Amino acid sequence: MSHFSTGASARRLVAAVQKLERNLTTAGLPRFMARLPVWWLCWHYCRLLDQKIITMRRIAGKFERWGPAIREASPVAHEKLEMLDLDHSMRTDIEFTKSSMMDLRDYCADIGRMFDDLGYQSAGLKRRQAALIQVLEDSCAAAGRMQDALTRHDDAVLARLRAEADAAAAAAARA
């Protein structure tokens, strides 16, 4: 979901829904009946947001569980060399995930603006948007803590390896 423009597609959707609403009104349907497409669209986005909230909570939970595991491994870095991330690929993957979550947050805001453009207010949609934005921010914060833990772990392991190399060089110089 990285770096795509939802603005244009949201504008097209707003225009299509407004046209449908005008056509239904012109056909003689009462206003509340002509508003059904907007109501259905809101219901659809509410369901979509419910699914996204569940998925993002699961991802946040993983970050919350992995972070402490990395922090627990850091003090014993002098004993273990696992999880050394020299090429920073783990941190890069986490950063990409954070970027995707921020894109999702922007998309969520675009959806809110779309319904505002349609002149439609939904407390349920606003609650879901707020919940999704909160879980996304919590997930990004947990991901950042995990990146910091990886950096501290790698620094500890690299310090150990440098100390061992220095000790080996000193021993070789004495021999």
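The structure reproduced in this document is the subject of the present report.

Criteria and thresholds
Every chain is numbered on its own, with residues counted from 1 as its sequence reads. Confidence filtering applies because this is a predicted model: local features only for residues at pLDDT of at least 70, side-chain atom pairs given and counted only at 80 or more, and all residues used for totals across whole chains, interfaces and linings. Values shown for side chains rest on all heavy atoms present in the structure; no hydrogens or waters enter the calculation. Distance thresholds for patches are 9 Å for like charges and 5 Å for nonpolar side chains (Val, Leu, Ile, Met, Phe, Trp, Tyr), applied to residues having over 30% relative accessible area and no salt bridge. Residue exposure ignores everything except the shown protein chains as possible cover, and the areas themselves are Shrake-Rupley values with a 1.4 Å probe. Salt bridge, as used here: a side-chain nitrogen of Lys or Arg that lies within 4 Å of a carboxyl oxygen of Asp or Glu. The way it works is that DSSP assigns letters per residue, a run of H or I at least four long becomes a helix, a run of E at least two long becomes a strand, and they are numbered from the N terminus. Categorising residues by exposure relies on relative accessible area from a 1.4 Å probe, with only protein chains included: less than 20% of the type maximum marks a residue as buried, more than 50% marks it as exposed, and the intermediate range marks it as partly exposed. Here a pair means two rings of Phe, Tyr or Trp (six-membered ring of Trp) with centres within 6.5 Å. Their orientation is stacked below 30 degrees between planes, edge-to-face above 60, and tilted elsewhere. Detection works on a 1 Å grid of protein atoms alone, calling trapped sets that fit a 1.4 Å probe cavities and calling open sets with protein on both sides within 12 Å along at least five of seven lines pockets, with lining residues defined by an atom within 4 Å of a point. Grid points are joined across faces, edges and corners, and a volume is the space filled by probe spheres set on the points.

**Examining a nonpolar patch on the surface**
Okay, step 1: On the surface, a nonpolar cluster with roughly 430 Å² of combined accessible area is contributed by Leu29, Phe32, Met33, Leu36 and Trp39.
Okay, step 2: Structurally, Trp39 can be placed in helix H3 (residues 36–73).
Okay, step 3: The class for Trp39 is partly exposed, based on a relative accessible area of 33%.

**Details of unusual backbone geometry**
Okay, step 1: Here the phi dihedral of His88 falls at roughly 60°; this positive angle occurs in a residue that is not glycine.
Okay, step 2: Along the chain, His88 falls in the loop between H3 and helix H4 (89–117).
Okay, step 3: Residue His88 is classed as partly exposed on the basis of its relative accessible area of 41%.

**A few points about the packing of aromatic side chains**
Okay, step 1: Applying the stated criterion across every chain, the model contains 3 aromatic pairs.
Okay, step 2: Taking 6.0 Å as the distance between ring centres and 50° as the angle between the ring planes, the aromatic pair formed by Phe115 and Tyr120 counts as tilted. Of the two residues examined, Phe115 and Tyr120, each falls in the buried class.
Okay, step 3: An aromatic cluster of at least three residues, connected via ring pairs, comprises Tyr45, Phe115 and Tyr120.

**So, the pattern of salt bridges**
Okay, step 1: Under the counting rule described, the total for this entry stands at 11 salt bridges.
Okay, step 2: Close ionic contact of Arg31 with Glu21 constitutes a salt bridge, the shortest N to O distance being 2.3 Å. Of this pair, Arg31 sits in helix H2 (residues 31–34) while Glu21 sits in helix H1 (residues 6–26); the two residues are 10 residues apart in sequence, bridging distant segments of the chain.
Okay, step 3: Residue classification places Arg31 among the exposed positions, given a relative accessible area of 53%.
Okay, step 4: Measuring nitrogen to oxygen at the nearest pair gives 2.7 Å for the salt bridge that ties Arg160 to Glu164. Taken as a pair, Arg160 and Glu164 lie in helix H5 (residues 123–174) at a separation of 4 residues, close to a single helical turn.
Okay, step 5: Residue class for Arg160 comes out partly exposed when judged on its relative accessible area of 23%.
Okay, step 6: When its relative accessible area of 37% is taken as the criterion, Glu164 is described as partly exposed.

**Considerations on empty space enclosed by the protein**
Okay, step 1: In the structure shown here, the tally under the stated rule is 1 cavity of 30 Å³ or more.
Okay, step 2: Considered as a void within the structure, the largest cavity measures approximately 40 Å³ in volume.
Okay, step 3: Together, Gly112, Phe115, Asp116, Tyr120, Gln121, Ser122, Leu125, Lys126 and Gln129 line the largest cavity.
Okay, step 4: Of all the secondary-structure elements, those providing two or more residues to the lining of the largest cavity are H4 and H5.

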